[in-house]
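For reference, the chains in residue letters:
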Amino acid sequence: MIIRSLNVGLPRSLEWKGKTVNSSIFKEPVLKPVSLDELNFAGNGQADLVNHGGPDKAVNAYFAAHYPYWEQELGRTLTPGAFGENLTLAGATEADVCIGDVWRAGGAVLQVSQPRIPCYKLAARHGVDDLPERVIATGYTGFYFRVLTPGVVAPGDMLELVQRPAAAISVAVANRIMHHDKQDWAGVRALLAAAGLAAAWREMLSTRLARHGPAT
């Protein structure tokens with residue numbers, strides 16, 4: 001994979017259905033190297049630290065391969081960062097990246113933690129009420145990295161796969177288990193066993209299994 005664009009942004013006001021909310025969904029490309037610590041790129045921030053950000057969601061990544069689809073669906077030209085991502089990545093999709101993967105990007109080392117679950121602020125950003133649901137339906141969600149080693153990252157950096165867990169589960173399969181095949185109990189258990197899975201996803205899946213899964 002290669003970083004097609006590196007995008008940052010700070011929280012700003014966003015109008016949505018008669019209300020004003022703060023959001024950092026607006027990201028702008030930067031053309032120079034940027035420092036990355038355990039929680040954020042320099043110049044980037046999250047407005048809602050309950051549902052966004054934190055160690056498991058330090059870096060939001062999205063795939064450039066999906067942009068033509070969304071441009072056709074939305075009837076507009078989209079620039080990098082349009083999905084609120086920090087890294088617009090070329091050369092892969094959700095099927096090629098696995099939970100727990102460790103990737104080197106410039107001077108930083110990153111680990112894939114979970115697929116992204118888009119919220120209403122993506123709908124507000126584009127003025128399309130059902131856009132989060134459409135993103136989930138397509139599986140074109142992107143994903144999050146946690147930062148294992150802080151460092152400097154630049155547009156154009158190649159991402160080198162350092163380590164992939166045994167019995168790795170792709171982001172695409174994780175999306176299927178979470179959103180579509182919710183009673184794939186073998187899949188739920190396999191995903192729960194995935195090294196590096198974010199705590200929030202582990203909690204959601206554990207609760208589903210405890211409430212609805214078959215007795216063991």
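It should be noted that the structure appears before, not after, this text.
These lines cover the structure that appears in this document, whether it is placed above or below. (Residues numbered from 1 in each chain as written. Predicted model: local features only at pLDDT ≥ 70, side-chain atom pairs only at ≥ 80, totals over all residues. Heavy atoms only, no water.)

Description of the environment of valine 128
Relative to the elements of secondary structure, valine 128 occurs in the loop between helix H2 (120-126) and helix H3 (131-138). Note: C-alpha distance between valine 128 and leucine 74 (54 residues apart in sequence) is 8.4 Å. The residues touching valine 128, leaving out its near neighbours within four places in the chain, are Leu74, Arg76, Ala123 and Arg134. (Helix = DSSP H or I, 4+ residues; strand = E, 2+ residues; numbered from the N terminus. Contact = heavy atoms within 4.5 Å.)

So, the packing of aromatic side chains
The tally for this structure, following the rule as stated, stands at nine aromatic pairs. On the numbers, 5.7 Å between centres and 75 degrees between planes, the contact of tyrosine 67 with phenylalanine 83 is edge-to-face. Residue tyrosine 67 is located in helix H1 (residues 67-74), and its partner phenylalanine 83 is located in the loop between H1 and strand E7 (87-90); the two are separated by 16 residues in the primary sequence. Of the two residues, tyrosine 67 and phenylalanine 83, both sit in the buried class. Ring centres of tryptophan 70 and tyrosine 140 lie 6.5 Å apart, and the angle between their planes is 90 degrees; this geometry places the pair in the edge-to-face category. Taken together, the residues tryptophan 70 in helix H1 and tyrosine 140 in the loop between H3 and strand E10 (143-149) connect sequence positions 70 residues apart. Tryptophan 70 gets classed as buried once you look at its relative accessible area, which sits at 0%. (Phe/Tyr/Trp six-rings, centres within 6.5 Å; stacked < 30°, edge-to-face > 60°. Buried < 20%, exposed > 50% of the residue type's maximum accessible area, 1.4 Å probe, protein only.)

Digging into the packing of helix H5 (residues 185-192) against helix H6 (residues 199-212)
Each packed pair of helices is defined by two parameters, the angle between the axes and the distance between the axes. Interhelical geometry of H5 versus H6 gives an angle of 145 degrees and a closest axis separation of 10 Å. The two elements H5 and H6 cross, and the hand of that crossing is left-handed. Of the residues in H6, those touching H5 at Trp185, Val188, Arg189, Leu191 and Leu192 are Trp201, Arg202, Leu205, Ser206, Arg208, Leu209 and His212. Its residues assigned to classes, the contact of H5 with H6 shows seven nonpolar, two polar and three charged. (Axes fitted to C-alpha atoms, helices over the stretch in contact; angles between N-to-C directions. Left-handed = near helix turned anticlockwise from the far one by under 90°. Nonpolar A, V, L, I, M, F, W, Y, C, P; charged D, E, K, R; others polar.)

Details of helix H4 (residues 171-180)
Because each turn of an α-helix spans 3.6 residues, side chains separated by three or four positions end up pointing in the same direction. Among the residues making up H4, those that are buried are Val171, Ala174, Asn175, Ile177, Met178 and His179. Along its buried surface, H4 packs onto strand E9 (108-115), H3, E10, H5 and H6.

Some details on the pairing of E9
Across the eight residues that make up E9, a large majority, eight, are buried. Adjacent in sequence and paired antiparallel, strand E8 (residues 102-105) and E9 are bridged by two residues, among which glycine 106 carries a positive phi angle near 60 degrees. (Pairing = 2+ DSSP bridges.)

Some words on the pairing of strand E2 (residues 12-16)
With five bridges joining them, E2 and strand E3 (residues 19-23) adopt antiparallel strand pairing. Along E3, the bridge assignment pairs arginine 12 with serine 23. The antiparallel hairpin formed by E2 and E3 contains two residues in its connecting segment, where lysine 17 sits at a positive phi of about 55 degrees.

Considering the sheet that holds E10
Two modes of strand pairing occur in sheets, parallel and antiparallel, and in both the strands are linked by backbone hydrogen bonds. Ordered by their spatial adjacency, eight strands build an open sheet running E4-E1-E7-E6-E10-E9-E8-E12, and the pairing between neighbours is mixed. Strand pairing shows two members of the sheet lacking a second neighbour, strand E4 (28-30) and strand E12 (159-163), which therefore form its edges. Recorded for the sheet is a direction-independent mean angle of 40 degrees between the axes of neighbouring strands. Bridge count between E8 and E12: four bridges; the pairing is antiparallel. Directly across from arginine 104, in E12, lies its bridge partner glutamate 160.

Digging into the side chain of asparagine 60
Note on placement: asparagine 60 falls in strand E6 (residues 59-63). Among the residues examined, asparagine 60 registers a relative accessible area of 6% and is labelled buried.

Spatial relationships are all this shows, so hold off on functional conclusions.
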